[in-house]
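Architecture at a glance
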Amino acid sequence: MMIIAFSNFCEVHGPSIISCSQGFPINQFYKLEKIISENSNKNTAKSSCSGCSLIVPQQPLPSPTPTEKSEEQNQTSHPGFQQSQIDMNINFEQTQLNHQLSNPNDIQKQLDMEEEENQSAMAVDEDDEDHPLQINIKKNMDDNIREDQLNETAEMQKANKKASPNKIHSNPTINESDVGFKGFISDDIENNMTYITTRYPYLSRLYPIVRQACVRSLSCEFCPGREGAIFFGDEQNGYSLSYIFKLKDIQARGFQRWYSISFLHSDKSFIIASWGFLVSKFKATAKDLQANAEKMFEFEKKANQEVNINRVKVYSPLSPEQFIRRRGNQPLRSLVDLLNNPNVFMQLHSTFAWILRASSDRLYEKRQENYDMMDSILHMKYSELSYSNESDKTSNENIILLDQEGMPVNINGTSQQNEVNEKAETKAETTKPVIIENLKDLWRIFGEMHFKYLIYNTAIGTQIIIRTDKVEIATSIIKVLKSFIPESCCTSYDYLDEYIEPWRCNMLGIKKDVKIPSEIDESNYVLIDISTEENTNEIINIQFKPVIDQLQTNYPFQKSVLIDQIEQIVKSDIPSKVFDIQMFVFKEKWLNKSKLFFKFIKLGKTETENKQDSVINVLNVNRSDIPIMLYFSRGLGKNDRQILLRD
Amino acid sequence: MDLENSLPFEAKPRLLLLGLRRSGKSSIERVVFHKMSPNETLYLESTSKISKNDVISFIDFQIWDFPGQIDFFDSSFDLEIILERCGSLVFVIDAQDDYLDALNRIVDTVVIASKFNIKLSYEVFIHKVDGLSDDLKIEIQRDIHQRITEELMHENLEDIHMSFYLTSIYDHSIYEAFSKVIQKLIPQLPTLENLLNILCSNSNIEKAFLFDVMSKIYIATDSSPVDIQTYELCSDMIDVVIDISCIYGPKQENEENGSENTSYGTDTYSVIHLANSMVLYLREVNEHLALVCFLREENFEKPGLLDYNFACFKKAIEEVFEVRRRLAQGLLPDSDDVPGNNKLNENLNSNNIETASTINNSDITSTI
């Protein structure tokens, strides 16, 4: 949650929040609004203090269609605004000046391209003030984002006065004004966001956080040079970048008052990365306010002196005694009076909305390229684990040629998995059908050597053929085997009555009487013959083809790191839920390894053996794992490959 | 000679200035420790942060000036850190304002603070009394005293002792009040008072103050009652001496050393004869301290005697702080602190002052 809070050190209340600007997705906001308007009665009991309150102009500005028409309306039907418009003009000059002054510095400090963009957008915008005609031309040249930023900055300075075909409409709403809930709203229709500025954060749970940032910025943290930016925060309350500055006020003690603009965000690195951008913008805003305040200060001082001569005391207290005795809880003037600018809060709102908007543009989400590769069954299983025990109908859909009969028993989801361990023990005694639910069961059934052999061959993509009478056994074994390899790289047929060639599928369940064509080389498949008793599903005999020698030790799978790791997981005595999560993590880990390896192969242009060795070292794998990683990387989608190679 | 500079890690006692906004906390701090003119305090801006000021003097301490708007004793601030090593809480009440809120705040604060630190001393400055008539001052002090005591009784804290002072930055009352507050932070106070008593009785001095030159706070005086006029005279004398030596004193060569009170040298010595046949006598003790005595002219016939007694006194004071210095350096075990200190002083004092008094007697006899 991004918040920009504007606060001051109130003479009466100490540090207090004046306004909080936040952005919401539009639809979410209007939902929220309902809730809040219902609850708003209770948190409006705050005392009103002109020094630290957000002042919304009494006259509502025209509704969210500010086109040229509305400008006319402004000038004709609301004569009150002409006055403010004049004031605004003075301020515009000031703003312009300041931005021009601050821009060169900023450009020097620019750290990244984005900032430059923002700056130029801002700079462009300043030109617009002088040459309104150019707006359209420039807009056409600019891309959408630029245009929008431009609109918004224009917005920020024009504050609804100079209407242009804006996409963001600022309409200060006197929402529920009778209960004291006031603020400004801008809708950014293009991005479907709405920016609102209210006295207190829109969501009351954020209040303590904002409050703390306000107190800390004004009353705790010291900024070297007293004015400037400071950064503080913690994990719990989020982080805050605060810009502290003072405004001249002839009525204040010491003739100055302290203000701070805080940018709150939960992500520390984001704030730090945006430091240059935020500070330059806050500085510009502060300078603008200061210049206006200085002007007012000089003016009032002069007036004061004149008044002094006439011995009429109007402005600040003149005698020490009067100064001291001006007590009671008499607050200082609000910012509106201090700057003699009735629209100052609206301008601030536009500025903050623009900064929020620009900040969120700086945040871009990078799509995780491996999402497609994430095994959907496991993924779902994972989410099931964390949310509910829904039966995995959805996962069944992924199995082609599903035999419905045996399935409910076999793949009965996670609800039964709690008892897997117990089951494993009791299974031999009871005549329950053999259910293979996870790798542990496979390990138990096949024994260490065959298990590793099977797993390794699965992981490098050799065709696995399960020949058995029982459809349940075939489907469940295939399901388990598929669980640890990327889904997109394997094709499986659960139970067929004909053989399918290795290039068409990796895993195959076939009936007992199906023969493997002799032209298929033995090295291309692993055939497992499983014979069961007729009535029960109990496994009597398992035969592997090609046969492996139990005593031989130089099979590649015996060196594979992946196999070792699986062995460790399988051997560990952990609850099945934890086991599932661990397998999920395990798969992700290997996916990442294979992606890295894939990238190395593709971009390294088959580097020297040494290089390959070092990559293998870095990945913490063994040479025997190379075929595994190659096979895994086959599961990468076309887009994923491109993204991988492009980065 | 550098008694105090050699106290590196000794915990600085802390003095917290609390009170509602505009009660004059920052003004007090500025006037007393930064020599700000009282009239200028009008233009102080309101304090927004705790401002911490190190006072480097014969004892180093810290003054924390709190913003009145924030209640630092609510739960969101770390009280342990604030109250740790804190010597005294000074509450400043604006006597010209409605002070009921301030009293509530004081009681609340005392209730909380007493849980964290039982050794705290509580001081109440009834401030800005310069505009009030004497009767009103007394009335206000009585009222405040009574209300606070009642409230504390209510909270079962009747054994907490609070001291009340009527203060104003426009006269010397603030210095006097601060003197008494600071004196509570000085562990050697009884010894120093004792030394001053011996000195006074042996040299026929009416009143003697040991002043901190920079702040014009007196850190010790003899046990005779303090007359505010005498105190003002002595305090003003320091100003006079410093002003004159600024103008006519020798040019300081050690400017690069950055010593602040350059006009106050190691051998500063001044005697002022007043029209009412009284004499003010000032001698430098060390770079922070000065002895200012007030005595009758007829007792000042033998300045040499006074000088001699002063030399003994100065030596004794050095011994007192020597113990402290060595303690800070870890040369003396902790347990030897107070008794060793006292014993040492007793020995020295009795010897030296005895000789002083014998000389005194013999001198007197010889003159007779």
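Preceding block: the structure.
Keep in mind that what you see is a predicted model, and the values were worked out from it rather than measured.

This part is about the sheet that holds strand β10 (residues 492-496) of chain A. Residue and element names in this part refer to chain A. With mixed pairing, five strands are arranged side by side in an open sheet as β10-β11-β9-β12-β13. Either end of the sheet is taken by a strand with one partner, and the two such strands are β10 and β13 (539-545). Strand after strand, the sheet turns through a mean of 15° between neighbouring axes, direction not considered. Two elements, β10 and strand β11 (residues 507-510), share three bridges in a ladder whose sense is parallel. The partner of Ser492 across the bridge, within β11, is Met507. In the packing of helix α17 (residues 439-460) onto the sheet, the strands contacted are β9 (463-468), β11, β12 (525-532) and β13, and the crossing angle to β13 comes to about 45°. Relative to the sheet, helix α18 (residues 471-482) contacts β9, β10, β11, β12 and β13, its axis offset from that of β10 by approximately 170°.

So, on to the packing of aromatic side chains. Throughout the structure, instances matching the rule amount to 27 aromatic pairs over all chains. Aromatic side chains Tyr243 of chain A and Phe245 of chain A sit 6.2 Å apart centroid to centroid with 40° between the ring planes, which places their arrangement in the tilted category. Just as Tyr243 of chain A is buried, Phe245 of chain A falls in that class too. Each ring, one from Phe211 of chain B and one from Tyr231 of chain B, has its centre 5.8 Å from the other, and the planes form 20°; the classification is stacked. Of this pair, Phe211 of chain B sits in strand β7 (residues 207-212) while Tyr231 of chain B is found in helix α7 (residues 228-248), placing the two residues 20 residues apart along the sequence. Take Phe211 of chain B and Tyr231 of chain B: they sit in the same class, and that class is buried.

All right, on to the environment of Ile230 of chain A then. Residues and elements named next belong to chain A. Locating Ile230 in the fold gives a position in strand β6 (residues 228-234). The buried category is assigned to Ile230, whose relative accessible area is 8%. The spatial distance from the C-alpha of Ile230 to the C-alpha of Ile244 is 7.8 Å, given a sequence separation of 14 residues. The residues touching Ile230, leaving out its near neighbours within four places in the chain, are Ser217, Glu221, Phe222, Cys223, Ser240, Leu241, Ser242, Ile244 and Trp275.

Attention now goes to the pairing of strand β5 (residues 121-127) of chain B. Residue and element names in this part refer to chain B. Taken across its seven residues, β5 has seven buried, putting it largely inside the fold. Side chains Ser121, Glu123, Phe125 and His127 of β5 all project onto a buried face; the interleaved residues Tyr122, Val124 and Ile126 project onto the opposite face, where all are buried too. Relative to strand β6 (residues 162-166), β5 runs parallel, the two sharing five bridges. When the sheet's bridge partners are listed, Glu123 is paired in β6 with Ser163. In this fold, the crossover linking β5 to β6 by way of helix α4 (residues 134-154) has right-handed handedness.

The rules behind these values
Throughout, residues of each chain are indexed from 1 in the direction in which the sequence is written. The order in which chains are written sets their letters, starting at A; the order in which ligands are written sets their numbers, starting at 1. Only residues with pLDDT of at least 70 get local features here, since the model is predicted, and only at 80 or more are side-chain atom pairs given and counted; chain-wide, interface and lining totals rely on the full set of residues. Excluded from the side-chain calculation are hydrogens and water; included are all heavy atoms of the structure. By the convention used here, strands pair only if DSSP detects at least 2 bridges between them. By definition, any uninterrupted DSSP run of H or I lasting at least four residues is a helix, any uninterrupted run of E lasting at least two residues is a strand, and each is numbered from the N terminus. To obtain an axis, a line is fitted to C-alpha atoms, over the contacting stretch when the element is a helix, and the angle between two such axes runs from 0 to 180 degrees between their N-to-C directions. Every residue pair with non-hydrogen atoms within 4.5 Å of one another is taken to be in contact. Pairing of aromatic rings covers Phe, Tyr and the six-membered ring of Trp, with a centre-to-centre limit of 6.5 Å; geometry is then stacked below 30 degrees between planes, edge-to-face above 60, and tilted otherwise. Accessible area is worked out with a 1.4 Å probe on protein chains only. A residue is then buried under 20% of its type maximum, exposed over 50%, and partly exposed in between. Here, the term right-handed applies to a crossover whose path from the first strand over the helix to the second runs clockwise when the strands point away from the viewer.

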